[in-house]
Amino acid sequence: MYDYILMDAIMNFDIEVFRLINTGMTAPFLDTVMTFVTDKMNFFGAVTVAAALIWILGKRQDRVGLVVLVLLIISSDLAANAFKHAFTRLRPCHALEGARALVGCGGAFSMPSSHAVNIFAAMVFLTARYRKFWPVFISIAVVVAYSRVYVGAHYPTDVLAGAALGTVMALIFYSAERGYLRGKLVKGLEALRRKRGGN
């Protein structure tokens, strides 16, 4: 019974925070900004150009990182969709009367936010590789995640769960990448030592 009361309190709090962000703390200017930020396609051109430049001009380790990042984003998207169908929580724009759906309502399920999973996976991975830029990367992730609540597509706990899942996946992929590079380095050094020994 106490578990039920606690879960009910959390859900009610989640709804109240959602309404505060979605209908209370709003402005025409924010409507425009958040609608732009929340649409992935608005950044497709810039991301494509950046990826091409990294592939052409970057070092080998940057190219490896780019490939791992693409695999991470694909994997994070698949994981988010799997969890959505496991939790089957309706989006607030489907479930709550008076919710503002600024970009349409999208699919039926909301937990976790795919946007939050994707952006936190990408930005935490980039933070791990290029740590001096962490304020920029994390700020981008937070703004995109916040926009999903603002436009009415997700509850706050949806984006928090998405941020947590994306962060965990980013650290796993980063660790795998570091392990792969260390393995290649060890093999290269061993090959060089054997070659010198043969001479």
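> Outline the overall build of the chain, supporting the account with residue identities and numerical values.
Within the chain, the secondary structure is distributed over 8 helices and 0 strands. When its helices and strands are written in sequence order, the chain yields α-α-α-α-α-α-α-α. Here the chain, with 199 residues, has 36% of them falling under the buried criterion. Within the chain, counting contacts between residues at least 6 apart in sequence, those at least 24 apart form 77% of the total. Of the roughly 12,100 Å² of accessible surface on the chain, 71% is carried by carbon and sulfur atoms.

> Account for the state of the cysteines, with residues named and values stated.
In a disulfide, the sulfur atoms of two cysteines are covalently bonded to one another. According to the stated counting rule, one finds 1 disulfide in the structure shown. Bridging Cys93 to Cys105, the disulfide has an S-S length of 1.9 Å. The sign of the 105° torsion about the S-S bond sets the Cys93-Cys105 disulfide as right-handed. With Cys93 in helix α5 (residues 92–95) and Cys105 in the loop between α5 and α6 (114–129), this residue pair connects regions lying 12 residues apart in the sequence. The class for Cys93 is buried, based on a relative accessible area of 18%. For Cys105, a relative accessible area of 18% translates into the label buried.

> Please give an account of helix α2 (residues 28–37) that cites residues and values.
Buried within α2 are the following residues: Asp31, Met34 and Val37. One side of α2 carries all its buried residues, which in axial view fall inside an arc of 140°. Of the residues in α2, the exposed ones pointing more than 90 degrees away from the buried face are Pro28, Phe29 and Thr32. Close packing links the buried residues of α2 with α7 (134–150).

> Tell me about the side chain of His115, residues and numbers included.
The topology assignment puts His115 in helix α6. Setting aside residues up to four positions removed in sequence, His115 forms contacts with Thr38, Lys40, Val144 and Arg148.

> Give a detailed account of the packing of aromatic side chains, specifying residues and quantitative values.
The full count for this structure, using the stated rule, is 4 aromatic pairs. With centroids separated by 5.7 Å and ring planes inclined at 55°, the aromatic side chains of Phe18 and Tyr155 adopt a geometry described as tilted. Taken together, the residues Phe18 in helix α1 (residues 2–24) and Tyr155 in the loop between α7 and α8 (156–198) connect sequence positions 137 residues apart. Like Phe18, the residue Tyr155 is buried in the burial classification. Seen from their ring centres, Phe133 and Phe137 are 6.3 Å apart, and the 65° between their planes marks the pair as edge-to-face. Taking relative accessible area as the criterion, Phe137 reaches 14% and is therefore assigned buried. Across from the ring centre of Tyr155, 3.9 Å away, lies the NZ or CZ of Arg89, which sits over that ring.

> Give me the lowdown on the nonpolar core, citing residues and values where you can.
One finds Phe18, Leu69, Leu72, Ile119, Phe120, Met123 and Phe125 to be the most contacted residues of the largest nonpolar core, which totals 38 residues. Mapped by element, the contributors of at least two residues to this core are α1, α2, α4 (60–87), α6, α7 and α8. Top contributing element to this core by residue count: α6, with 11 residues. For Phe120, the residues in contact, after removing those within four places along its chain, are Phe125, Ala141, Val142, Ala145, Ala163, Gly166, Thr167 and Ala170.

> Which residues make up a nonpolar patch on the surface, and what are the values?
Judged by side-chain polarity, Val49, Leu53, Trp55, Ile56, Leu57, Val67 and Leu71 come together as a nonpolar surface patch covering roughly 720 Å² of accessible area. Where the nonpolar patch is concerned, the elements lending two or more residues are α3 (44–57) and α4. The biggest single contributor to the nonpolar patch is α3, with 5 residues. Within the fold, Leu53 resides in helix α3. By relative accessible area, which is 47% here, Leu53 ends up partly exposed.

What counts, and at which threshold
Residues numbered from 1 in each chain as written. Predicted model: local features only at pLDDT ≥ 70, side-chain atom pairs only at ≥ 80, totals over all residues. Heavy atoms only, no water. Helix = DSSP H or I, 4+ residues; strand = E, 2+ residues; numbered from the N terminus. Buried < 20%, exposed > 50% of the residue type's maximum accessible area, 1.4 Å probe, protein only. Contact = heavy atoms within 4.5 Å. Areas by Shrake-Rupley, 256 points an atom, 1.4 Å probe, with all protein chains shown as cover. Disulfide = S-S within 2.5 Å. Arc of directions from axis to C-beta. Phe/Tyr/Trp six-rings, centres within 6.5 Å; stacked < 30°, edge-to-face > 60°. Lys NZ or Arg CZ within 6 Å of the ring centre and 35° of its normal. Core = buried A, V, L, I, M, F, W, Y, C linked by side-chain atoms within 4.5 Å. Patch = residues over 30% accessible without salt bridge, like charges linked within 9 Å, V, L, I, M, F, W, Y side chains within 5 Å. Salt bridge = Lys/Arg side-chain N within 4 Å of Asp/Glu carboxyl O.

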